[in-house]
Amino acid sequence: MSVTVSRVEPSIAGVGDYLELMKPRVMSLAVFTALVGLVIAPTHLHPVIAFTALICIAVGAGAAGALNMWYDADIDARMTRTAARPVPAGRVAPGEALAFGVTLAVGAVVVLGLLVNVVAAALLALSIGFYVLVYTMWLKRSTPQNIVIGGAAGALPPMIGWAAATGGVAIEPVLLFLIIFFWTPPHFWALSLFRSEDYARAGVPMLPVVAGEAATRRQILFYSLILAPLGAAPWFLGYAGAVYGIVAVATGAAIVALAFRLHAEQNGHVASKQMFAFSILYLFLLFAMLLVDRLSAELIGRLAA
Amino acid sequence: MTTSAIMNENKPPPSPPPPAGEGTEGVRLTEQQLRARRARSIAIAVSLGVLVVLFYIVTLVKGPGVLVRPL
């Protein structure tokens, strides 16, 4: 009787491959928005604790990215944009990606709970769990509303930052949550408009694949019309100053104008690419202005004292 | 000459320990795999070191009430 023993090929994965698993660009957005939530909070956190909180949020976001790449390796392999990722390219074994993601997720939540506070840790756990279990494993393959509902995971970092500073949640971080939540559909649907063939090949039911381009353009316009006033809400509710208000109104008008242009576009993807690029700038400007607004107010307060 | 001495003379000389990267089960790592493993090991060591330093500094910052955390 012969017995065949399968042997796992020793790994050739380098440190860079593991960093790539963490989706550094998504991670940087999560850290930036968390930093804003942390800075605009009314309480002052010791810089070391604030740094610890941001590291944990970064690692937690990276863990969610790694688990997403583990589960979605079959989809990634069929899409041009993602085929070179470490798992579908064969540089990291699926089991390695899973172990890496779980270790980082548990580590980030536990360290945040031990060194900062339990509310922030619970929100980080919710964010990772929602992204992996609800978005990646369930919604992404089953409904064109995947990125609408799944967007909640990406919208949580400002709340985590605020909770790290205060130990609780208030209306301001909920507002920031809503801004990112309503920003996500126009951002991702603009991308999926000029990548719809990729999504169709992979069998992902993105809106342009399921409902067509015209319906997607209508939906982008609808969400942009909600997003623009929401973006200005921190100013007219009195949470941010005039500089933020001017930038939010101007960029909000620009994103609505782009959405109208995209809605009117019949063929080609010039407007969708512009919309995708501008949506990134829009979110960055809003959050950067919140940061500038708070830091300048603090500086003026100190100079006056 | 005793029997055991004769037996020892007939034994082959002990084989040298396997070089780095080669286990007793016959897995031979390529240069690339060895380099990748070394890089991963260093990254894990650095991460653990950072974690230890972080816990140490936070303990200093929080003082004796390090375990008293707001909910």
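The model shown is predicted, which means the values in this text are computed figures rather than measured ones.

Moving on to the domain arrangement of chain A. The accessible area lost on association of the parts is a frequent measure of interface size. Residues and elements named next belong to chain A. Along its sequence, chain A is carved into domain 1 (17–169) and domain 2 (170–299). Computed over C-alpha atoms, the centres of domain 1 and domain 2 are 21 Å apart. Listed by partner, the interface residues are 27 residues for domain 1 and 25 residues for domain 2. Partitioning the side of domain 1 that touches domain 2 into residue classes produces 16 nonpolar, seven polar and four charged.

As a further point, take the environment of Ile180(A). Residue and element names in this part refer to chain A. Among the structural elements, Ile180 can be located in helix α9 (residues 171–194). Since 25 C-beta atoms lie within 10 Å of it, Ile180 is described here as buried. When residues no more than four places from it in sequence are discounted, the contact partners of Ile180 are Thr33, Gly154 and Ala155.

With that settled, the discussion passes to the environment of Glu197(A). Residues and elements named next belong to chain A. Residue position: Glu197 is located in helix α10 (residues 196–202). Taking the C-beta count within 10 Å as the criterion, Glu197 has 12 such neighbours and is therefore assigned exposed. Along the backbone, Glu197 and Pro208 are eleven residues apart, and their C-alpha atoms lie at a distance of 9.3 Å.

Next up on the list: the nonpolar core. Across soluble globular proteins, nonpolar side chains have a tendency to be buried as a group. Residues and elements named next belong to chain A. Counting 102 residues, the largest nonpolar core has Ile57, Ala66, Ala108, Leu112, Ala120, Leu124 and Ile160 as the members making the most contacts within it. Tallying contributions element by element places helix α3 (residues 47–71) first for this core, with 14 residues. Of the domains in this structure, domain 1 (17–169) and domain 2 (170–299) are the two that each give at least three residues to this core. Not counting residues within four places of it along the chain, the set of residues in contact with Ile57 comprises Ala30, Val31, Ala34, Leu124, Pro157 and Ile160.

Another aspect to go through is the confidence of the model for chain B. When pLDDT is averaged along chain B, the result is 75; 55% of the residues meet or exceed 70. Overall fold confidence for the complex sits at a pTM of 0.86, while the interface term, ipTM, reaches 0.80.

Note: α-helices contain 3.6 residues per turn, so residues at a spacing of three or four share the same orientation. The end-to-end C-alpha distance of helix α5 (residues 94–115) of chain A, which contains 22 residues, comes to 31 Å, matching closely the 32 Å that a straight helix rising 1.5 Å per residue would cover. All buried positions along α5(A) are accounted for by Glu96(A), Ala97(A), Phe100(A), Gly101(A), Leu104(A), Ala105(A), Ala108(A), Val109(A), Val111(A), Leu112(A) and Leu115(A). Its buried side turned inward, α5(A) meets α1 (15–21), α3 and α6 (118–136) of chain A together with α2 (31–62) of chain B.

Residues and elements named next belong to chain A. The terminal C-alpha atoms of α6, which comprises 19 residues, lie 25 Å apart, in line with the 27 Å expected from a rise of 1.5 Å per residue. If you look at α6, its biggest bend is around 30°, right at Phe130. Those residues of α6 not exposed but buried are Val119, Ala120, Ala121, Leu123, Leu124, Ser127, Ile128, Phe130, Tyr131, Val132, Tyr135 and Thr136. Its buried side turned inward, α6 meets α3, α5, α7 (146–155) and α8 (157–166).

What counts and what doesn't
- Residues numbered from 1 in each chain as written.
- Chains lettered and ligands numbered in written order.
- Predicted model: local features only at pLDDT ≥ 70, side-chain atom pairs only at ≥ 80, totals over all residues.
- Domains from an automatic or database assignment.
- Contact = placed C-beta atoms within 7 Å.
- Nonpolar A, V, L, I, M, F, W, Y, C, P; charged D, E, K, R; others polar.
- Helix = DSSP H or I, 4+ residues; strand = E, 2+ residues; numbered from the N terminus.
- Buried ≥ 20, exposed ≤ 12 C-beta atoms within 10 Å, placed from the backbone.
- Core = buried A, V, L, I, M, F, W, Y, C linked by C-beta atoms within 7 Å.
- pLDDT = per-residue confidence, 0-100.
- Expected span 1.5 Å × (residues − 1).
- Bend = angle between axes of the 7 residues up to and from the residue.

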